[in-house]
Structures are given as C-alpha cells and as structure tokens.
Amino acid sequence: MSQDNTDTQKRTRLNKLQKKLRRETGRAIADFNMISEGDKVMVCLSGGKDSYTMLEILRNLQHSAPVNFELVAVNMDQKQPGFPEHILPEYLEKEGVAYHILEKDTYSIVKEKVPEGKTTCGLCSRLRRGSLYGFAEEIGANKIALGHHRDDIVETLFLNMFYGGKMKAMPPKLRSDDNRNVVIRPLAYCREKDIIEFSALKEYPIIPCNLCGSQKNLQRQVIKDMLQQWDKQQPGRIENIFAAVQNIAPSQLADTRLFDFENLEQGQQQGGEQAHRLDVVNLFG
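Calculation notes
- Residues numbered from 1 in each chain as written.
- Predicted model: local features only at pLDDT ≥ 70, side-chain atom pairs only at ≥ 80, totals over all residues.
- Heavy atoms only, no water.
- Helix = DSSP H or I, 4+ residues; strand = E, 2+ residues; numbered from the N terminus.
- Buried < 20%, exposed > 50% of the residue type's maximum accessible area, 1.4 Å probe, protein only.
- Contact = heavy atoms within 4.5 Å.
- Areas by Shrake-Rupley, 256 points an atom, 1.4 Å probe, with all protein chains shown as cover.
- Expected span 1.5 Å × (residues − 1).
- Axes fitted to C-alpha atoms, helices over the stretch in contact; angles between N-to-C directions.
- Parallel < 35°, antiparallel > 145°, perpendicular 65-115°, else oblique.
- Nonpolar A, V, L, I, M, F, W, Y, C, P; charged D, E, K, R; others polar.
- Phe/Tyr/Trp six-rings, centres within 6.5 Å; stacked < 30°, edge-to-face > 60°.
- Lys NZ or Arg CZ within 6 Å of the ring centre and 35° of its normal.
- Core = buried A, V, L, I, M, F, W, Y, C linked by side-chain atoms within 4.5 Å.
- Salt bridge = Lys/Arg side-chain N within 4 Å of Asp/Glu carboxyl O.

*Asks:* Is there a simple way to think about the overall build of the protein chain in this case?
*Replies:* The secondary structure content of the protein chain amounts to ten helices and six strands. Across the 285 residues that make up the protein chain, the buried fraction comes to 42%. For the protein chain, restricting intrachain contacts to residue pairs at least 6 apart in sequence, the fraction spanning at least 24 positions comes to 78%. Here the protein chain has roughly 16,200 Å² of accessible surface; of this, 48% comes from carbon and sulfur atoms.

*Asks:* When you look at helix α2 (residues 49-62) in this model, what are you seeing that I'm missing?
*Replies:* Spacing of three or four residues puts side chains on the same side of an α-helix, whose turn is 3.6 residues. Its 14 residues give α2 an end-to-end C-alpha distance of 20 Å, which sits within 8% of 20 Å, the value for a rise of 1.5 Å per residue. Most of α2 sits inside the fold, with ten of its 14 residues counted as buried. Among the residues making up α2, those that are buried are Asp 50, Ser 51, Tyr 52, Thr 53, Met 54, Leu 55, Glu 56, Ile 57, Leu 58 and Leu 61.

*Asks:* Sorry, what's going on with the packing of α2 against helix α7 (residues 192-202) here?
*Replies:* If you want to describe how two helices pack, look at the angle between their axes and the distance between the axes. It is at 9 Å that the axes of α2 and α7 come closest, and there the two elements cross at 80°. It follows that α2 is roughly perpendicular to α7 by the angle criterion. Residue-level inspection shows Lys 49, Asp 50, Thr 53, Glu 56 and Ile 57 of α2 in contact with α7, the latter providing Glu 192, Ile 195, Ile 196, Phe 198, Ser 199 and Lys 202. Within the contact of α2 with α7, the residues separate by chemical class into four nonpolar, two polar and five charged.

*Asks:* Looking at this structure, I do not really get unusual backbone geometry. What am I missing?
*Replies:* Glycine aside, a negative phi is what most residues show, and trans is what most peptide bonds show. Positive phi is not limited to glycine here, since Asn 33 has a value of about 50°. Within the secondary structure layout, Asn 33 lies in the loop between α1 (3-31) and β1 (40-44). Even without being glycine, Glu 203 reaches a positive phi, approximately 60°. Along the polypeptide, Glu 203 turns up in the loop between α7 and α8 (219-233).

*Asks:* Where do I start with the packing of aromatic side chains in this structure?
*Replies:* Two measures describe an aromatic ring pair: the distance that separates the ring centres and the angle between the ring planes. For the structure shown, the criterion picks out nine aromatic pairs. With a centroid separation of 5.0 Å and an interplanar angle of 80°, the aromatic rings of Tyr 52 and Tyr 91 are classed as edge-to-face. Taken as a pair, Tyr 52 in helix α2 and Tyr 91 in helix α3 (residues 87-95) lie far apart in primary sequence, 39 residues in all. The class of Tyr 91 is buried, set by a relative accessible area of 8%. Members of the aromatic cluster, each reached through a chain of ring pairs, are Tyr 52, Tyr 91, Phe 198 and Tyr 204. Against the face of Trp 230 rests Arg 237, its NZ or CZ located 5.0 Å from the ring centre.

*Asks:* I tried to follow the nonpolar core on my own but got confused; where do I start?
*Replies:* What tends to happen in soluble globular proteins is that the nonpolar side chains get buried as a cluster. Counting 50 residues, the largest nonpolar core has Ile 35, Val 41 and Leu 58 as its most contacted members. Here the element with the most residues in this core is α2; it accounts for six residues. When residues no more than four places from it in sequence are discounted, the contact partners of Ile 35 are Ile 29, Val 41, Leu 58, Val 67, Phe 69, Lys 143 and Ile 184. Within the second largest apolar cluster, 15 residues are counted, among which are Met 42, Val 72, Leu 102 and Leu 146.

*Asks:* So what exactly am I meant to see when it comes to the pattern of salt bridges here?
*Replies:* When charged atoms on two side chains of opposite charge get close, those side chains can pair. The full count for this structure, using the stated rule, is 17 salt bridges. Note that Glu 56 and Lys 202 form a salt bridge whose closest N and O atoms lie 3.0 Å from each other. Here Glu 56, found in helix α2, pairs with Lys 202, found in helix α7; they are 146 residues apart in sequence, far enough to count as distant. By sharing partners, the salt bridges in this structure join Lys 49, Asp 50, Glu 155, Glu 192, Arg 220 and Lys 224 into a single network.

Structural data, given as structure tokens:
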C-alpha cells in the first residue's frame, strides 16, 4: 500500500473517531448540564491520553456550542524525579492554549508517608486533587474538568464493590465535599479503546504515569484486566454495566436510606413504578 493511501486511511479514521468522541462528549455535557453560559472551565492536564483528548474535544466543541465558555489548561508538576517539565508548556504554547503550571512537591510527601513497597497512587491522587481544587478558586474557574472515561467509571464501581463494600462509582458531575468546586467528567460516555486509538493517531507527547516507580498488582489494574477479558468474551458488556449505573432500582436492593422498606406495608410508597427507580441525575448536582 502506498504512503498516500496510508495517510488517507489515517485521516479518515481520525476524523471518524473525532466525530464519535465529540458526539459522546457533547451528549454527556448536555445530559448532566456540565457547562453553562460564562463558565470558566479548568481542564486538568496530566500529559496522558485521556486529558489530551478531553482538551482537544472541549476546544472543538467550544467553537460550536450554544453557550460561551472559557477553557484554561492546568498541569500540576508534583516534582517526581525525571518529570519532563518542558513537554506540556511546549505543546500548549504551540496549540495556543492558555495554561498554568502548578508546582507542588507532593512527591516528597508521598514518599515520606507511604511505606516502601505500598501503592502510592491513593495518597498521590488525594494530594493532587486538593491542590487543584484550591488552585481553581485562585484563577476564578467555576468548573474543574477531569479526563475520566466510561471504563474508569465502571472500574470504580467494581473497585468499590469488591474492595470497599459500597455500590458507588464515579459521577459525571459532582460538587466537592467542601461545596466550593463543581467537578465534571466530559468523557463519561467515551470508551477508553477509542481514546487510545485517537491519542495514537494524534501523536500526543504522552508523559507516562510511572515516574514514582513501578506500581505492581494495583487493585484497579486487577479490575481493568477482568473487564477487558469480559469485553473480549462478550462485546457490549461494559456498555450494559454503564447503563445499569444510570438505571438504578432502589426497591430491588437493600439500602434503607434510599427506599422506605419500613413503611412498605402501610402503603406509604408514592409514585407507583417510578418510586422504584432512582433519578441518578439528581445525585450529581
């Protein structure tokens, strides 16, 4: 096959993927009312495939959205040894994207607090999240966009069930515990395999997330491997699991905080069939 044909096929595939990701992102933004007129959205950019893709698609949607909103990219330099601090500024300047680099030495804290051989990701992510939430206020951003996708949400559901004893996932939109920030996940409807392919075709300058050292046998990786095997054996299963997250029937579970089992005999249940379904969208406000 000639180089011209190869390039044409690549452009065709890239265009198809971009349209798909844009359509799914736009639908998620609309379904959960993620972005409104005049919003300033802080796009958290890690240098990984997900955040690069999120920034690209949001910039694309910015030109055609029915509302006006501002984007500002923010990367947190956590001072890991070997972190290539020049990559993101060079990329963002080339693309003409407004950005900030937030420098916080969370690496030293993690190394001090986490015993040798233990997983550092949990503490690292909490420290990073806290710093980014505070920085959003400093720059006047009223929305914080994170690059989690559909597979992340499903993985989190199983992580919480298997290891935490909770039926809890990762909502497309939430208000932080301190009520000061609104976090959105515009890629909530996007599949990771599409993002991987899109990122490869775009040839983003990826920064690996292993600068703290190898993190073997992570619980999330165990769940990811399980779901990938399911996806191979029965395509569509991940989509069905995600659909279940959006279609919850509290009367068929056992959480007394969500369904009034105590007064069921007295006929106090209101709303007929609708009373058995939880409007999950309201939980994300």
